[in-house]
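Chain and residue survey
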Amino acid sequence: MILTVDIGNTRIKGAVFEQYTLVEFFVFEVEELRKKIENILKKYPNLKHLVVSSVGNLEKELFLAFESKLKVHFVSHKDTFPFINKYATPTTLGIDRMVLAAGATLQFPGQNRLVIDAGTCVTYDCVDADDNYLGGAISPGIRLRYESLHNYTAKLPLLSMGNPETFIGDSTVNAIHSGVVNGLVYEIDGFIEEFKAKYSKFIIILTGGDADFLAMRLKNTIFANSNFLLESLNQTFQYTINNDLKNLYSNLFAFFISFFGSTRDFFTLLILRNWRY
């Protein structure tokens, strides 16, 4: 069994997997991390691996404290991914975006994929049908949009996420809701339209904490899965293990071919030499 943990900018999400089946899902705060993982290990004593993806500032030592109970793996740029990274600055590409791109590549082979992660930021990541990661876009998420209107103006109030009654706000509160929510919806739909105009045979994946809220408002057909990052973490780790094993067997095979080939040549030479004398 595998425990995947995604450390975001605002909260931590985790999931237990048996092979490729999601067994249980968790959401908790940073200060609950140690106690929460201890409880998960008690509930699932067969857990063998802890796989961590982080865009936050949490110290690795908090996870390494569990090394005596299971193997801990931090996803990094050095890992093997199932796509060709064509990002101009590959080492600056967020691990969360790489994991999402890997999940899309593995789960939807042979298609052009657009992954939209609606969280603190909204990220757009494009992987073509030939498994080339092309890049994407980053924009403020819903919460950041509400906060920026309040923090960078003199009188606009700080609102919680709400449903715009109409696209024309008849009050300041309604105008803010319309601008934030409808503005983001129009942005996402516009990005999808651009992607559709360029690529055929495509899949649009919407994930992240605000995925369910946004999905019902989009005019485009999408595949919405708020747990896609955790599922992608599991799939990427399984891919890495299988790829490492494949490389190991390949290297062993090459070694044996080389060794026995050399041995065969040696004995052939020895036989010929003895035959001459």
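A quick note: this is a predicted structure, and the numbers were derived from the prediction, not measured.

Two numbers describe how helix α4 (residues 142-151) lies on helix α5 (residues 172-198): the axes approach to 10 Å, and their chain directions differ by 140 degrees. As summarised for this structure, α4 and α5 are arranged oblique, according to the angle between their axes. Crossing of α4 against α5: the hand is right-handed. Contact residues: I142, R145, Y146 and L149 in α4; I176, H177, V180, V181, G183, L184 and E187 in α5. Looking at the contact of α4 with α5, its residues break down into seven nonpolar, two polar and two charged.

Overall, the coordinates contain eight aromatic pairs when judged by the stated rule. Consider the rings of F195 and Y199, whose centres lie 4.9 Å apart with planes at 40 degrees: the pair is tilted. Just as F195 is buried, Y199 falls in that class too. Geometrically, the ring pair formed by F195 and F202 is edge-to-face, given 6.3 Å between the ring centres and 85 degrees between the ring planes. Taking the relative accessible area as the measure of exposure, F195 reaches 6% and is therefore buried. Residue classification places F202 among the partly exposed positions, given a relative accessible area of 31%.

Spatial ordering of the open sheet is given by β3-β2-β1-β4-β5, a layout of five strands whose pairing is mixed. The open sheet is flanked by β3 (21-28) and β5 (71-74), the only strands paired with a single partner. Neighbouring strand axes in the sheet, compared pairwise and without regard to direction, differ in orientation by 20 degrees on average. Here strand β2 (residues 12-18) runs beside β3; their pairing, made up of seven bridges, is antiparallel. Residue pairing for β3: G14 is matched across the bridge by F26.

Per-residue pLDDT for the protein averages 89, and the proportion of residues at 70 or more is 87%. Mean pLDDT per element in the protein: helix α7 (residues 228-276) is the minimum at 68, and strand β9 (residues 132-140) is the maximum at 98.

Reading the values: the criteria
- Residues numbered from 1 in each chain as written.
- Predicted model: local features only at pLDDT ≥ 70, side-chain atom pairs only at ≥ 80, totals over all residues.
- Heavy atoms only, no water.
- Axes fitted to C-alpha atoms, helices over the stretch in contact; angles between N-to-C directions.
- Helix = DSSP H or I, 4+ residues; strand = E, 2+ residues; numbered from the N terminus.
- Parallel < 35°, antiparallel > 145°, perpendicular 65-115°, else oblique.
- Left-handed = near helix turned anticlockwise from the far one by under 90°.
- Contact = heavy atoms within 4.5 Å.
- Nonpolar A, V, L, I, M, F, W, Y, C, P; charged D, E, K, R; others polar.
- Phe/Tyr/Trp six-rings, centres within 6.5 Å; stacked < 30°, edge-to-face > 60°.
- Buried < 20%, exposed > 50% of the residue type's maximum accessible area, 1.4 Å probe, protein only.
- Pairing = 2+ DSSP bridges.
- pLDDT = per-residue confidence, 0-100.

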